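Remarks on the overall topology
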Amino acid sequence: MRHPPALIAAGMVSVVLATGGLVLWSDQNVAPRGAGPSGVPAVERASGDPAAAARFDAQLARLAAEIARLEADTGNRLRELEIHGLTLERIDRVAADVTAAAVVSAPATAEPLSGAPSDGAADDINAATVPTPSDRSDAIQAQMESHMINDPFDARWAPVIEDTLTGALRQPGFSGSELVDIECRTTLCRLGLDHSDLDAEQIFLHRFMGAAGLTDAEAFYRRNEDADGRVRMTFYVARDGGRLPQLTLRP
Amino acid sequence: MCSVIRPTLIALAAVVAAVVVPAAWAEDGKVYPGTMCQKSLGIGSYGGGELANDSTSGSLTAECPVVRDNVSGGINDAYVRVHKATSSAFWCDLHAKSVYGTAGFVQHKSVTGTGYKTFSYGAMSDYDGAHYYFWCAVPPSASTSWANKSRIIGYRLDEN
């Protein structure tokens with residue numbers, strides 16, 4: 001039976017429309033991934049709804065805390081097994097999601113490469129061809145997370161330094177900074193922090209490594225300010241005497 | 001005529017290369033006096049190009065600016081020269097923030113003992129168009145005489 005051309009065209013149009021609708025529905029209903037340690041910025045969206053963004057960020061923070069708890073439980077178990085000479089491979093989906101999110105996410109509040117204002121047309125052109133600092137920070141953090149996955153666990157050093165760093169944050173001067181989670185491996189530690197305000201954050205950035213007794217350390221941090229002035233931060237610090245993982249980006 | 005022009009052009013090219021090439025390849029290092037540091041907390045005074053902690057019991061904190069004229073280059077190396085009068089902690093951190101401060105790198109150095117010390121920093125990642133600075137915690141001085149004060153003497157940063 002022959003089908004008239006109009007019917008065939010109508011069918012093709014219907015398929016295209018259905019596919020487009022499915023894509024739109026997926027974008028709106030699939031929660032953007034990028035959850036990770038406290039301080040990982042939520043995937044920026046072009047919608048700009050502050051209330052929705054705040055709810056989403058709160059959900060991410062709860063998820064990050066739960067992940068940290070599960071990781072701590074898993075880490076404790078791994079430590080027990082590793083101490084007994086067993087090697088386990090642990091697939092860190094969170095870090096993998098961070099890596100994936102760093103590749104596909106398009107931040108809506110990207111910082112310009114310079115402070116000079118520019119017209120919108122130039123921004124559009126530049127956004128398509130020049131990586132922004134936000135893209136760069138995403139990529140750097142993804143590399144840090146990748147390093148955390150592949151860095152073996154030093155059963156003698158990691159628990160000790162975790163206690164040291166945790167203890168340093170209990171000093172009175174850091175009362176405005178809350179340690180949400182901490183994980184150390186062999187060459188790198190990651191801390192998730194909530195600072196009550198910008199002053200608390202500045203105190204942490206300027207005094208923490210000295211207060212912890214570190215003598216020669218390098219760190220990278222990523223921060224996100226909430227509307228209420230709180231600052232969520234992910235802080236990566238290299239082992240004392242060592243350096244941060246070598247970046248494959250421009251140094 | 002050609003026998004004159006060609007050697008002249010070669011000589012001219014050599015002169016230009018001698019002037020231009022070294023300038024293009026030279027590290028852009030600047031040395032700053034300690035007096036450029038801004039006191040933030042504590043009691044301090046300036047003198048002889050240095051910033052000193054006037055207190056024999058409390059620390060002095062200071063931020064020391066860096067002029068970044070190679071806005072798309074990076075940090076090659078740096079140092080801070082200090083006088084440490086007491087055994088309390090003395091550290092200086094080199095900060096490289098992103099343009100709006102949403103991320104950054106920090107290189108932390110501290111020293112032990114007393115006397116003249118140098119904090120040495122290696123290459124560090126950075127963000128184009130953003131600024132650098134040092135933040136120092138200067139320990140208490142041994143006495144109120146200048147020679148016995150903990151001081152920031154000077155600092156240098158070389159860009160790529």
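These numbers were taken from a predicted model, which means no experiment stands behind them.

Along its length, chain A carries 7 helices and 4 strands. Shown N-terminal to C-terminal, the secondary structure of chain A runs as helices and strands in the order α-α-α-α-α-α-β-β-α-β-β. Within chain A, buried positions represent 39% of all 251 residues. As displayed, chain A offers around 14000 Å² of accessible surface, 59% of which is attributable to carbon and sulfur atoms.

What follows is about the overall build of chain B. Along chain B, the regular secondary structure elements total 1 helix and 11 strands. Counting across all 160 residues of chain B, residues that qualify as buried make up 44%. Across chain B, every contact between residues at least 6 apart in sequence was considered, and the portion connecting residues at least 24 apart equals 71%. Here chain B has roughly 7300 Å² of accessible surface; of this, 62% comes from carbon and sulfur atoms.

Let us now look at helix 6 (residues 158-169) of chain A. Residue and element names in this part refer to chain A. The end-to-end C-alpha distance of helix 6 is 17 Å, a good match for the 16 Å that 12 residues give at a rise of 1.5 Å each. Within helix 6, burial applies to A158, I161, E162, L165, T166, A168 and L169. The buried residues of helix 6 occupy an angular sector of 160° when the element is viewed end-on, so they sit on one face.

So, about the packing of aromatic side chains. According to the stated counting rule, one finds 12 aromatic pairs over all chains in the structure shown. The interplanar angle of 85° and the centroid separation of 6.2 Å between the aromatic rings of F174(A) and F208(A) together place this pair among those described as edge-to-face. In this pair, F174(A) is assigned in the loop between helix 6 and strand 1 (177-184) and F208(A) in helix 7 (residues 198-211), connecting sequence segments 34 residues apart. Here the aromatic rings of F134(B) and Y155(B) are separated by 5.5 Å at their centres, their planes lie at 70°, and the arrangement is edge-to-face. Of the two residues, F134(B) sits in strand 10 (residues 132-138) while Y155(B) sits in strand 11 (residues 151-159), which places them 21 residues apart along the sequence. Here F134(B) matches Y155(B) in class, with each residue buried. Clustering of aromatic rings is evident, with ring pairs tying together F174(A), F204(A), F208(A) and F235(A). One cation-aromatic arrangement involves R136(A) over Y127(B); the distance from NZ or CZ to the ring centre is 5.3 Å. Above the ring of Y79(B), the side-chain terminus of R81(B) is found at 3.9 Å from the ring centroid.

Turning to the sheet that holds strand 4 (residues 231-238) of chain A, a few remarks are in order. One open sheet accounts for 9 strands, arranged 1(A)-2(A)-4(A)-3(A)-8(B)-7(B)-10(B)-5(B)-2(B); its pairing is antiparallel. Each edge of the sheet is formed by a strand with only one pairing partner; in this case those strands are strand 1 of chain A together with strand 2 (38-41) of chain B. Averaged over all pairs of adjacent strands, the angle between strand axes in this sheet comes to 20°, irrespective of strand direction. Where helix 6 of chain A meets the sheet, it contacts strand 1, strand 2 (188-195) and strand 4 of chain A, and its direction lies at approximately 170° from that of strand 1 of chain A.

What follows is about the side chain of H195(A). Mapped onto the elements of the fold, H195(A) is located in strand 2. Here S177(A) takes part through its side chain, which lies 2.7 Å from a polar atom of the side chain of H195(A).

For the rest of this paragraph, the subject is the interface of chain A and chain B. Each partner contributes residues to the interface: chain A has 29 residues there, and chain B has 31 residues. Viewed at the interface, chain B and chain A are joined by 1 salt bridge. The residue K109(B) makes a salt bridge to D216(A) at a minimum N-O spacing of 2.6 Å. Remark: the boundary between chain A and chain B carries 14 residue pairs in polar contact (both at pLDDT 80 or more). Among the elements of the structure, helix 5 (133-150), helix 7 and strand 3 (216-225) of chain A are those that each provide at least two residues to the side of chain A that touches chain B. Tallying contributions element by element places strand 3 of chain A first for the side of chain A that touches chain B, with 8 residues. Split into classes, the residues belonging to the side of chain A that touches chain B amount to 15 nonpolar, 5 polar and 9 charged. Inspection of the sheet shows strand 3 of chain A paired to strand 8 (residues 103-111) of chain B by 7 bridges, in the antiparallel sense. Counterpart to A219(A) in the pairing with strand 8 of chain B is V106(B).

Residue and element names in this part refer to chain B. Most of strand 10 sits out of view: 7 of its 7 residues are buried. Because side chains alternate across strand 10, one face comprises the buried residues Y132, F134, C136 and V138, and the other comprises Y133, W135 and A137, equally buried. Of the strand pairs in this sheet, strand 5 (residues 60-65) and strand 10 are connected by 6 bridges, and their pairing is antiparallel. Each bridged residue has a counterpart across the sheet, and for A62 the counterpart in strand 10 is C136.

A separate point is the pattern of salt bridges. Residues and elements named next belong to chain A. Scanning the entire structure with this criterion turns up 17 salt bridges over all chains. Here R232 ties to D57 by a salt bridge, and the two come within 3.8 Å at their closest N and O atoms. With a gap of 175 residues between them, R232 in strand 4 and D57 in helix 2 (residues 50-83) connect regions that are remote in the sequence. Taken as a pair, R232 and D57 share a single burial class, namely buried.

The rules we used
- Residues numbered from 1 in each chain as written.
- Chains lettered and ligands numbered in written order.
- Predicted model: local features only at pLDDT ≥ 70, side-chain atom pairs only at ≥ 80, totals over all residues.
- Heavy atoms only, no water.
- Helix = DSSP H or I, 4+ residues; strand = E, 2+ residues; numbered from the N terminus.
- Buried < 20%, exposed > 50% of the residue type's maximum accessible area, 1.4 Å probe, protein only.
- Areas by Shrake-Rupley, 256 points an atom, 1.4 Å probe, with all protein chains shown as cover.
- Contact = heavy atoms within 4.5 Å.
- Expected span 1.5 Å × (residues − 1).
- Arc of directions from axis to C-beta.
- Phe/Tyr/Trp six-rings, centres within 6.5 Å; stacked < 30°, edge-to-face > 60°.
- Lys NZ or Arg CZ within 6 Å of the ring centre and 35° of its normal.
- Pairing = 2+ DSSP bridges.
- Axes fitted to C-alpha atoms, helices over the stretch in contact; angles between N-to-C directions.
- Polar contact = N/O pair within 3.5 Å; in protein donor to acceptor, adjacent residues only side chain to side chain.
- Salt bridge = Lys/Arg side-chain N within 4 Å of Asp/Glu carboxyl O.
- Nonpolar A, V, L, I, M, F, W, Y, C, P; charged D, E, K, R; others polar.

Structural measurements only, silent on function.
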